[in-house]
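# Structural overview
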Amino acid sequence: MELGMRTILRRMGLIAFAVIPMILLAETASAVTIRDGNAVKSGFVTTPDGVKIHYVESGHTKVGMRGAVANPAPGDAIVTKGDASLEPSHRFPSILFVPGWTMPGWIWEKQVDYFSDDWRVVAMDPRSQGDSSKNATDFTPAARARDIKALIDHLKLAPVIIVGWSMGVTDIASYVNQFGTRSVAGIVFVDGLAGYDQVPSWIQGFVESLKTDRQKQAADFVRGMFRKPQSEEYLAKLTKASLDTPTNAAIESFTGLWAADNRPALAKINKPTLMIVTRNSFLPNYEKMQKAIPGARMEIFEGDGHALFVDDSDRFNGVLEDFIFDLD
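Small disclaimer: the values here were computed from a predicted structure and weren't measured.

You can see glutamine 217 is positioned in helix α6 (residues 214-223). Residue classification places glutamine 217 among the buried positions, given a relative accessible area of 6%. The residues contacting glutamine 217, other than those within four sequence positions of it, are Trp101, Phe206, Ser209 and Leu210.

Taken as a whole, this structure holds 22 aromatic pairs when the rule is applied. When the ring of tryptophan 202 is compared with that of tryptophan 258, the centres are 5.8 Å apart and the planes differ by 90°; the resulting orientation is edge-to-face. On the criterion of sequence distance, the pair formed by tryptophan 202 in the loop between β11 (184-190) and α5 (203-212) and tryptophan 258 in helix α8 (residues 247-259) is long-range, its members being 56 residues apart. Taken together through their ring pairs, the aromatic side chains of Trp101, Tyr196, Trp202, Phe206, Phe221, Phe254, Trp258 and Phe282 make up a single cluster. Here lysine 237 stacks its cationic end above the ring of tryptophan 106, 4.4 Å away from the centre of that ring. The positively charged end of arginine 315 is found above the aromatic ring belonging to phenylalanine 301, 3.9 Å away from the centroid.

The next thing to look at is the packing of helix α3 (residues 141-155) against helix α4 (residues 167-179). Closest axis-to-axis distance for the α3/α4 pair is 8 Å, and the angle between their directions is 75°. Regarding the angle of α3 to α4, the classification is roughly perpendicular. Only Met167, Thr170, Asp171, Ile172, Ser174, Tyr175, Gln178 and Phe179 of α4 make contact with α3, whose side of the interface consists of Pro141, Ala142, Arg144, Ala145, Arg146, Ile148, Lys149 and Ile152. Partitioned by chemical class, the residues of the contact of α3 with α4 number 9 nonpolar, 3 polar and 4 charged.

The rules we used
- Residues numbered from 1 in each chain as written.
- Predicted model: local features only at pLDDT ≥ 70, side-chain atom pairs only at ≥ 80, totals over all residues.
- Heavy atoms only, no water.
- Helix = DSSP H or I, 4+ residues; strand = E, 2+ residues; numbered from the N terminus.
- Buried < 20%, exposed > 50% of the residue type's maximum accessible area, 1.4 Å probe, protein only.
- Contact = heavy atoms within 4.5 Å.
- Phe/Tyr/Trp six-rings, centres within 6.5 Å; stacked < 30°, edge-to-face > 60°.
- Lys NZ or Arg CZ within 6 Å of the ring centre and 35° of its normal.
- Axes fitted to C-alpha atoms, helices over the stretch in contact; angles between N-to-C directions.
- Parallel < 35°, antiparallel > 145°, perpendicular 65-115°, else oblique.
- Nonpolar A, V, L, I, M, F, W, Y, C, P; charged D, E, K, R; others polar.

Laid out in structure tokens, this is it:
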């Protein structure tokens, strides 16, 4: 990765910068692998209703001592010499990636690889998806939001930037509705909505396809998420991961997504918010959603599929990185 702490120094205009990594241990962390020089751990967090949420984690929390030049020195400076001052320590945010319907956390692998050089990064498998346990009975956005909270609390991710894609957008809106933004440093909504005015006519047929030919439905759904070429091996692996979600869970979470309306929670968001979306028929809804969130900004991707962070990972990572650098 070309960008790193040097970029932080340039963008924040710092004169001196000391970083202290803080390794935080997680419950039942296991399966440590090394990828691009960073250790990737996996583990589980058990929710209050007994569901084991699987996650992968890489990087580590950093605390920095920020230097500045000022005369007089800032009032909260703790060390001064002439015009230079050393400000109180600053804890960098972690990043939590939440995937969409039936998708595994590893679909964010290009983001985990990229951002773990400089941040602590976690990607989760929502309940009954990926390697999370299949014993859940509640598949509403509210239940998945509580899983997000359990992960943030247990792994001590706060302050955290929550990045949610597709169904993950609704889950994050429900999280804000239930728990507020105290633990949140920023929110990124990726190609999804917090609620809908009406259920599209194609929904019933989609649900029927889940019941009658799940294999074909999954293969078509996965292939339809991309507009850029993906290898057949990758598509087959992602299709298999989608099929790991039991059919009853897939149906209930899908219908629950369309039934829920968490748009009233958008006005409660008081942290920096970025929407990264594709140009599609939902664009007017995205624009309404942006207006409902104080200070939110939106980036529109042209020519990419629903999984835009895979189709154009370089641009997506750059947009997300700029957003992170702009956080206070």
